[in-house]
Amino acid sequence: MKGMGQVAAILVVDDEEPILELLKFNLEKEGYGVFLAKDGQEALDCVEKEQPDLVVLDLMLPGMDGLEVCRRIRLIPRYQQLPIIMLTAKGEVIDKVLGLELGADDYMTKPFSPRELLARIKARLRRMNLSEETDSQVVRGELRIDIKGFRVYVRGEETELTPKEFELLRVLLEQPGRVYSRDDLLERIWGYEYDGDTRTVDVHVRHLRLKIEKDPSNPEYIETLRGIGYRFKG
């Protein structure tokens, strides 16, 4: 992530030339550096070579699709928190849920408003800058979370989490005892009011419990308040 005085670089991945040109024009007008890619492999090569601050990634790409590109980016440790906004002509909830669970941070359906996309890009970059300024270590009982190192330790042993599991745990640990509704968590973790199926939160909570709880069926850390949401026990 660039410092506040530096120009952020955005990688736009789409096989439609008009969309590439539209986004390039609008992003450069806002002062961003812009890289373009027309397929999945070109996108992965650009991520490695140019190290962008954010990726706008189309789902329907020739050859390797956007979901696979997203998955491969998230397999690289230094890019596990690289913001990814997915674009698609599809509107089905299943596509959104799958994209978000694979590590996308946000989702927009074509046709979209360039102005709204720019607002989401700014929000994502601002959030990344803020996260770099927070305390790097959070300790709660037998859990220790290393914010900057993207590591979690449970009873002294390092536990591997996905990007969304990590962010979910970080949010819940910020204010132990506070109750978060599913909509709250979607907005905090995915960055906007997700209009799809909130069950994606339940899926992430279930997976997270399997990794940090001694007995996931009787959790000591993440408590379910039926009909309301979740909280980290204070």
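Scroll up to find the structure.
Residues numbered from 1 in each chain as written. Predicted model: local features only at pLDDT ≥ 70, side-chain atom pairs only at ≥ 80, totals over all residues. Heavy atoms only, no water.

**Some remarks on the packing of aromatic side chains**
For clarity, the threshold we go by: Centres within 6.5 Å make a pair out of two Phe, Tyr or Trp rings, where for Trp the six-membered ring is used; the pair is then stacked when the planes are under 30 degrees apart, edge-to-face when over 60, and tilted otherwise. Secondary structure counts use DSSP, requiring at least four H or I residues in a row for a helix and at least two E residues in a row for a strand, with both numbered from the N terminus. For each residue, the accessible area found with a 1.4 Å probe, counting protein chains only, is set against the maximum for its type, and the residue is called buried under 20%, exposed over 50%, and partly exposed in between. Think of it as a cone above the ring: NZ of Lys or CZ of Arg counts as a charge over the ring if it is within 6 Å of the ring centre and within 35 degrees of the ring normal.
Under the definition given, this model contains 2 aromatic pairs. Centre to centre, the rings of Phe150 and Phe166 are 4.2 Å apart; their planes meet at 35°, and the pair counts as tilted. Taken as a pair, Phe150 in the loop between strand E7 (143–146) and strand E8 (151–154) and Phe166 in helix H6 (residues 163–174) lie far apart in primary sequence, 16 residues in all. Phe166 carries the same exposure label as Phe150, and that label is buried. A cation sits over an aromatic face here: Arg144 above Tyr153, 4.1 Å from the ring centre.

**Comments concerning the environment of Gly33**
Along the chain, the position of Gly33 falls in strand E2 (residues 33–37). Distance in space between the C-alpha atoms of Gly33 and Ile10 is 6.1 Å, their sequence separation being 23 residues.

**Here's the deal with the nonpolar core**
Rule in force here: Here the nonpolar core consists of buried residues drawn from Ala, Val, Leu, Ile, Met, Phe, Trp, Tyr and Cys, with membership extended through side-chain atoms lying within 4.5 Å. By the convention used here, residues are in contact when the closest approach between their heavy atoms is within 4.5 Å.
One finds Leu169, Leu185, Ile212, Ile222 and Phe232 to be the most contacted residues of the largest nonpolar core, which totals 27 residues. Elements that contribute at least two residues to this core include exactly E7, E8, H6, helix H7 (182–190), helix H8 (199–212) and strand E12 (229–232). The biggest single contributor to this core is H6, with 6 residues. Not counting the four nearest positions on each side in its chain, Ile222 is found in contact with Leu172, Val205, Leu208, Arg209, Ile212, Glu213, Tyr230, Arg231 and Phe232. Counting 23 residues, the second largest nonpolar core, distinct from the first, contains Leu57, Leu61, Ile84 and Met86.

**Examining the pairing of strand E3 (residues 54–58)**
Spelled out, the test is: DSSP bridges decide pairing: two strands pair if at least two such bridges lie between them. A clockwise course of the path from the first strand over the helix to the second, judged with the strands pointing away from the viewer, identifies a crossover as right-handed.
The buried fraction of E3 amounts to 5 of the 5 residues, a majority that puts the element mostly inside the structure. By the alternation rule, side chains of E3 split into Leu54, Val56 and Asp58 and Val55 and Leu57, which are all buried. Here 4 bridges tie strand E1 (residues 9–13) to E3, and the two strands are oriented parallel to one another. Residue Ile10 lies in a different strand from E3, and its bridge partner there is Leu54. Strand direction decides the pairing type here: E3 and strand E4 (residues 84–88), joined by 4 bridges, are parallel. Paired with Val55 across the bridge in E4 is Ile84. Crossover E3 to E4 through helix H3 (residues 66–74) is right-handed.

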